[in-house]
Structure formats: structure tokens, C-alpha cells
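Structural features, examined
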Amino acid sequence: MRRIAIINQKGGVGKTTTAVNLSAALAESGMRVCILDLDPQAHSSLHLGIALDADEVSIYHCLTGQAKLEQARHRIDDHLWVVPAHIDLAAAEMELAGEVGREIILRELVEKDNEEFDFMIIDCPPSLGVLTLNALTTAGEVFLPMQPHFLALHGFSKLLKTIELVSKRLNPVLALTGVLFCMHEGGTRLAHEVIGDIEQFFETERKKGGIWSEVTTFETRIRRNVRLAEAPSYGQSIIHYAPTSHGAEDYRALAIEVLEQSTLLPDVSGAQETETVPTPPVSIK
């Protein structure tokens, strides 16, 4: 199973849109996919038509030891599931602060889960706190969605240092494997310049090896598309809401690239189970 954390501490760059629609496109191709919604805003859950009441089981109950993942998981269609979030998840940052081993709670939940999937997609919150740290210790790889303009680069280096720090201290199999450009407008010079700068940066970093050795910028660009913005209000992925739209075309193309990646990446299944987590824990706030 590939465990992919989709992360960017900057909001509005297409993180949740990518988590949901890439998952739906992979599921359409026959892959068994589970989305873990770790964002207290619960946007992935809402995107798929799940709005929980306070007393319904969510990822919050799993992280706080009140439920297993299987008790919170909802089936969306034949090949797609989601473990939804609720606004209560915002309290988990504070509640878990004093817990021993708080960085690996999610990883232990996933390892105890008996359901088998081809992909686990983790939608991270737009912040670098305990929830994001749990995602990074659980995942085997990171996808970084970005909007190709200048402000999208703000905080970029801090995020990359966080990923590298978690890889060194808590999760040695973690690697950044994909950078995705969303809300792309191919006709603007700025977009080309920003993309060129980022590609050049990663070309340099890739030569250093380590967590950068597998990084690639996806050839697929997610174009600006009004259907992508409309789909969440109908509680559907773009694949179901507007299957012939540019948005659906783009995420299907991205899914093909991700599946092609699977034949190139090393098999790290089970590798995390044997790793010793050092103490004291790392703080990424």
C-alpha cells in the first residue's frame, strides 16, 4: 500500500481538491483507495458528501483512542472510502500534546487496521502541528500541491525542512515524491517562471539524494476549472460530478502518472513497523 500525505501549510493551493479527486481517479481505475481526512475543517469529508454530527465517529475519536479506523470509515463507492473529520479534530492538537508517542498514533492505527488498500491518501491540515506530524510519520511519501505564483513560495523552505527533519528522526522511509501545480494558467509568463524556478531547485536537490532522490514535478498541470470549484457543493468528486470536464481529465492524467510511479518506487511496506521512534519527540510548530 502506498501511503501518501498531501501537504502544504499554505491554504488555497488545491490540497483538498487533489486529495479527493486524485483518490477518485485512482478508484475509477480499479485501485482500492482510502482517504484520511486530518483537516479539522473537514473539507475532504464535505467534498464527498459527509457532514458528521458531533456524536458520530470520526478520525478525532480514532486519534483519541475512542474508536478504530474501521468504525469511522465510510464507503463512497466500490473502490473509495473515507475516514471523515469533524470540527472536534481541532481539539486533538491540544489533547494529544501531553501524550507519550503522540507523533505515531495515526501510524499505529493504520498498522492495526485489517482492511487492505492500494492507496491511502492523507489530507493534511494547512499547518505544521501534531496532526501534520502524525501524517508524516504514517506516510511513505509526500505530494506537494502548489499554485504557480510568487506567494505560493512563501514558507516553502520551512515546509521542506520539516519533511526532511521528520524523515531523519521519525520516519526514515519518508520521501517527497511529487510536486503538483494546481490552478494553472499556461498563458501567463509568471506561471512559467515560477514552475521553472521550482523545477530547477528540485533538480539540484535531487542530486543530493536522500528524501529528494525520487522527487519529480508531475507533467500533469491542474488547470483552473469552474467545475472543480462546483463539485464540493454537490458532495461529489469531479470524476462523478463532471466526468468530461477539464478538471476530470487532469486528475485522470495525474492518476496515470501516479500509477506509473508505483512501478519505479521501492517497496517499503512494513518498513515503518520495525523502526524505533526516538525520544524526546520532534516539535514542528
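Described in the following lines is the structure provided in the data block. (Residues numbered from 1 in each chain as written. Predicted model: local features only at pLDDT ≥ 70, side-chain atom pairs only at ≥ 80, totals over all residues. Heavy atoms only, no water.)

Within the chain, the regular secondary structure consists of twelve helices and eight strands. Counting over 285 residues, the chain shows a buried share of 54%. Across the chain, every contact between residues at least 6 apart in sequence was considered, and the portion connecting residues at least 24 apart equals 80%. (Helix = DSSP H or I, 4+ residues; strand = E, 2+ residues; numbered from the N terminus. Buried < 20%, exposed > 50% of the residue type's maximum accessible area, 1.4 Å probe, protein only. Contact = heavy atoms within 4.5 Å.)

On to the packing of aromatic side chains. In total, this model carries five aromatic pairs according to the counting rule given. Both rings, one in F143 and one in F218, keep their centres 5.2 Å apart while their planes meet at 75 degrees; by these two values the pair is edge-to-face. One end of the pair, F143, is in strand 6 (residues 141-146); the other, F218, is in strand 8 (residues 216-223), and 75 residues separate them in sequence. Taking relative accessible area as the criterion, F143 reaches 4% and is therefore assigned buried. Using a relative accessible area of 2% as the deciding quantity, one classes F218 as buried. (Phe/Tyr/Trp six-rings, centres within 6.5 Å; stacked < 30°, edge-to-face > 60°.)

The next point concerns the side chain of N225. Positionally, N225 belongs in the loop between strand 8 and helix 10 (226-230). Apart from the residues within four sequence positions on either side, N225 is in contact with I238, S245, H246 and G247.

The next subject is the pairing of strand 3 (residues 74-77). In terms of strand pairing, strand 3 meets strand 4 (residues 80-83) through three bridges, oriented antiparallel. Pairing of H74 across the sheet is with V82, part of strand 4. Between strand 3 and strand 4, which pair antiparallel and follow one another directly, the connecting turn spans two residues. (Pairing = 2+ DSSP bridges.)

Attention shifts here to the packing of helix 1 (residues 15-28) against helix 12 (residues 246-262). Following both chains from N to C, one finds helix 1 and helix 12 inclined at 70 degrees, their axes separated by 8 Å at the closest point. Classified by the interaxial angle, the pair formed by helix 1 and helix 12 is roughly perpendicular. Where helix 1 approaches helix 12, its residues T17, T18, N21, L22, A25, L26 and E28 are matched on the opposing element by Y251, R252, L254, A255, V258 and L259. Residues belonging to the contact of helix 1 with helix 12 are distributed by class as follows: eight nonpolar, three polar and two charged. (Axes fitted to C-alpha atoms, helices over the stretch in contact; angles between N-to-C directions. Parallel < 35°, antiparallel > 145°, perpendicular 65-115°, else oblique. Nonpolar A, V, L, I, M, F, W, Y, C, P; charged D, E, K, R; others polar.)

So, about the environment of Q66. With respect to the helices and strands, Q66 occurs in the loop between helix 3 (59-63) and helix 4 (69-72). In contact with Q66, other than residues within four places in its own chain, are Y60 and H61. There is a polar contact of 2.8 Å between the side chain of Q66 and the side chain of T64. (Polar contact = N/O pair within 3.5 Å; in protein donor to acceptor, adjacent residues only side chain to side chain.)

Moving on, we come to unusual backbone geometry. One non-glycine residue, A42, lies in the positive phi region at around 60 degrees. Within the secondary structure layout, A42 lies in the loop between strand 2 (33-37) and helix 2 (43-47). For A42, a relative accessible area of 8% gives the class buried.

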